[in-house]
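Structural overview for review
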There are 2 protein chains.
Amino acid sequence: MIDHLIDKIKETKNPTVVGLDPTVVMIPDYLKKQMFGKYGKTPKAVAEMFLEFNRCIIDEVYDLVPAVKPQIAMYEMYGLEGLRAYMETCEYARSKGLVVIGDIKRGDIGSTAEAYSGHIAGTDIEGEHFDLWKEDYITVNPYLGVDGIEPFLKVLRRDEKGIFVLVRTSNPSSGELQDKRMEGTYLYNQVADLVSKWGEDTIGKHGYSKVGAVVGATHPAQGVELRKRMPHTFFLVPGYGAQGGKGADLKGFFDEDGVGCIVNSSRGIIAAYKKDPEFGDEKTVGAEFAKASRKAVIAMKQDLQNAL
Amino acid sequence: MIDHLIDKIKETKNPTVVGLDPTVVMIPDYLKKQMFGKYGKTPKAVAEMFLEFNRCIIDEVYDLVPAVKPQIAMYEMYGLEGLRAYMETCEYARSKGLVVIGDIKRGDIGSTAEAYSGHIAGTDIEGEHFDLWKEDYITVNPYLGVDGIEPFLKVLRRDEKGIFVLVRTSNPSSGELQDKRMEGTYLYNQVADLVSKWGEDTIGKHGYSKVGAVVGATHPAQGVELRKRMPHTFFLVPGYGAQGGKGADLKGFFDEDGVGCIVNSSRGIIAAYKKDPEFGDEKTVGAEFAKASRKAVIAMKQDLQNAL
């Protein structure tokens, strides 16, 4: 999957990932009215509006970007109906040729991590195989150490799938633990070294491993440092746009060939219509709202290309 | 919920939590045949057998223990049907008066953690409130720092709910990061101090906060040390039984009144019939399999009481 992801980035000349993290307040009124009208004020109504919202955006951007990253929490809060919308979003994105990065940040002890590895490995029931979650990549939390990671590595040695392990997250308090000094360096560097090691035996044709790292756009200096420290580790970079990261900050996250990371934007792309005078606001906009997302993707591509 | 949990522990004189973490290999053949016969080799069949398995066990133990802890990964690997069985397990346990600890180990940036807080806070849709997950407590991962925790704290200040934050997990490689020395101490102590601070304003009538800590039974010396370091933090202790922890190791996890922690056992209780000659094996045992779980709970209660 890492080779396929990099091929797609080269083909689209765009390392942008669209974060499909809908909230009810982002949904245009025409779509809210339609779904609340049909299903009442229920989780099913929200699930249906998220799904339709995502489909409209995917239809507008699938030819411009290599991947999408739905954040499962946004769906999980609406229970089973929400999670159905998550799965159907993954499936729809995949049907359009996009790489699907499930932002699930799971992390647990060995036997439990094995159960979570079903997200990318699928699940066998008495010899029948089910690919229930439709994700190509997932994000993983390293706090439990290697035996919480090993079940995922086992999948990666066998299947064309991938993981991104949290190293340096984009949020304001991420340094509270990640920046603690330990053994002559910082916790995030210790995690980085583990991640590099975990990925050693799954390096593909472009020189990158199936075990990637999450490195926030909000820490430009650390991104540069980590790029050097882990030359075979591909980065998933959150924090661009709404969280404050800019293209100009990200040059050092890429390698000298201009690959090496994929940059996520969520609100900045999917809710772009709200800040674009061409499209009005949530009360007046129609199904054309997603064209604002296309414009935002093109602007972000340009911003990243300018940086390189 | 922390006061209610401690009241229940005192009432049952038992700090045992039953870990409801079923796997297909644990299910007695009579139940497998019934559900595969009815639903085919499908996720629905597995979901139905997990649910019936859990109900049988809950019926046998609900009067003996204060709480159950279903591990969501075991259900999540079977997709939406699996998660339905998870929710219905939580609901059934609650209907029997048990405290439900959802072992979900979620952890993310602020806006996403807010979505995950729906597990305990419920979800509002246009003024309608839905309690979709039926959990009283959830487990949380601290790697992202306080802004990934704050949305949960906001719920705890308002509602009778609780969280357990991972401090020192029970698995073999847990020390890979958690035992790293930093700033004159260890990472797990740094996390412990944060957890104590996060809990300061939700301390209940028994002197314990709604913000608890996960501390593995497999680290007895560290458990003693943490008990002293965080006197107002209640512990959820995994790793007893199948993972190697023994009652005798746990004395120091309790306070001088014999409270202060709740000890989980999963396989040792729910798959007890497999190791108990009174019940035969998975091929021959019938619905009485759950009586072995009752015996195992009584033996564990005794083991813990001997330690105190």
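Here we summarise the structure given alongside this text. (Residues numbered from 1 in each chain as written. Chains lettered and ligands numbered in written order. Predicted model: local features only at pLDDT ≥ 70, side-chain atom pairs only at ≥ 80, totals over all residues.)

Within chain A, the secondary structure is distributed over 13 helices and 12 strands. Taking 19 Å as the expected radius of gyration for a compact globule of 308 residues, we find that chain A reaches 19 Å, a close match to that expectation. Projecting the C-alpha coordinates of chain A onto the three principal axes gives extents of approximately 55 × 55 × 35 Å. A burial count over chain A gives 59% of its 308 residues as buried. Nonlocal contacts in chain A, meaning residues at least 24 apart in sequence, comprise 73% of its contacts between residues at least 6 apart. (Helix = DSSP H or I, 4+ residues; strand = E, 2+ residues; numbered from the N terminus. Rg over C-alpha atoms; globule rule 2.2 N^0.38 Å. Buried ≥ 20, exposed ≤ 12 C-beta atoms within 10 Å, placed from the backbone. Contact = placed C-beta atoms within 7 Å.)

Residue and element names in this part refer to chain B. In terms of burial, strand 3 (residues 99-106) is largely enclosed, as 8 of its 8 residues are buried. Burial along strand 3 is two-sided: V99, I101, D103 and K105 facing one way and V100, G102, I104 and R106 facing the other are all buried. Inspection of the sheet shows strand 2 (residues 67-68) paired to strand 3 by 2 bridges, in the parallel sense. Residue pairing across strands places A67 opposite V99, the latter belonging to strand 3. By the bridge criterion, 3 bridges tie strand 3 to strand 6 (residues 137-140) in an arrangement that is parallel. Bridge pairing links I101 to Y137 in strand 6. (Pairing = 2+ DSSP bridges.)

Moving on, we get to the sheet that holds strand 2 of chain B. All names here are of chain B. An order of 1-2-3-6-7-10-11-12 is seen for the 8 strands of this closed barrel, with the pairing classed as parallel. Sheet strands touched by helix 1 (residues 2-12): strand 2, strand 3, strand 7 (162-168) and strand 12 (261-265). Its angle to strand 3, the strand with the most contacts, is close to 125°. Where helix 13 (residues 289-307) meets the sheet, it contacts strand 1 (16-18) and strand 12, and its direction lies at approximately 150° from that of strand 1. (Axes fitted to C-alpha atoms, helices over the stretch in contact; angles between N-to-C directions.)

Here we come to the interface of chain A and chain B. Many descriptions give the size of an interface as the accessible area lost when the pieces come together. Contacts between chain A and chain B engage 57 residues on the former and 57 residues on the latter. By residue class, the composition of the side of chain A that touches chain B is 27 nonpolar, 18 polar and 12 charged. (Nonpolar A, V, L, I, M, F, W, Y, C, P; charged D, E, K, R; others polar.)

Let's shift gears to unusual backbone geometry. All names here are of chain A. We note that E126 has phi near 45°; this positive angle belongs to a residue other than glycine. Note on placement: E126 falls in the loop between strand 4 (123-125) and strand 5 (128-130). The exposure class of E126 is exposed, given the 12 C-beta atoms found within 10 Å.

Around the barrel, which closes on itself, the 8 strands sit in the order 1-2-3-6-7-10-11-12 (chain A) with parallel pairing between neighbours. Against the sheet, helix 13 (residues 289-307) of chain A engages strand 1 (16-18) and strand 12 (261-265) of chain A, with an angle of about 150° to strand 1 of chain A.

Our next topic: the environment of L83 of chain A. You can see L83 of chain A is positioned in helix 5 (residues 79-95). On the neighbour-count criterion, L83 of chain A (22 C-beta atoms within 10 Å) is buried. Separated by 35 residues in sequence, L83 of chain A and E48 of chain A place their C-alpha atoms 11 Å apart. In this structure, L83 of chain A is in contact with Y75 and E76 of chain A together with L80 and L83 of chain B, ignoring residues within four places of it in sequence.

Below, the discussion takes up the relation of the copies chain A and chain B. Superposing chain A onto chain B requires a rotation of 180° together with a translation of 0.0 Å along the rotation axis, leaving an RMSD of 0.0 Å. With respect to symmetry, the two chain copies, as superposed, fit the operation of a two-fold axis. Residues of chain A ranked by C-alpha distance from the rotation axis are headed by M182 of chain A, positioned 2.1 Å from it. Here 100% of the interface residues in chain A have copies in chain B that are interface residues too; the copies meet face to matching face. (Least-squares fit on C-alpha atoms with pLDDT ≥ 70 in both.)

It is worth spelling out the environment of D193 of chain A at this point. As for its position among the elements, D193 of chain A is in helix 10 (residues 187-199). Sequence separation between D193 of chain A and A271 of chain A is 78 residues; the distance between their C-alpha atoms is 36 Å.

All names here are of chain B. Contact geometry of helix 3 (residues 43-61) with helix 5 (residues 79-95) gives a least axis separation of 8 Å together with a crossing angle of 15°. The pairing of helix 3 with helix 5 is recorded here as roughly parallel in orientation. Judged by the twist between their axes, the crossing of helix 3 over helix 5 is right-handed. Facing P43, K44, V46, A47, F50, L51, N54, R55 and I58 of helix 3, the residues of helix 5 in contact are G79, E81, G82, R84, A85, E88, T89, Y92 and A93. Here the contact of helix 3 with helix 5 is composed, by residue class, of 9 nonpolar, 4 polar and 5 charged. (Parallel < 35°, antiparallel > 145°, perpendicular 65-115°, else oblique. Left-handed = near helix turned anticlockwise from the far one by under 90°.)

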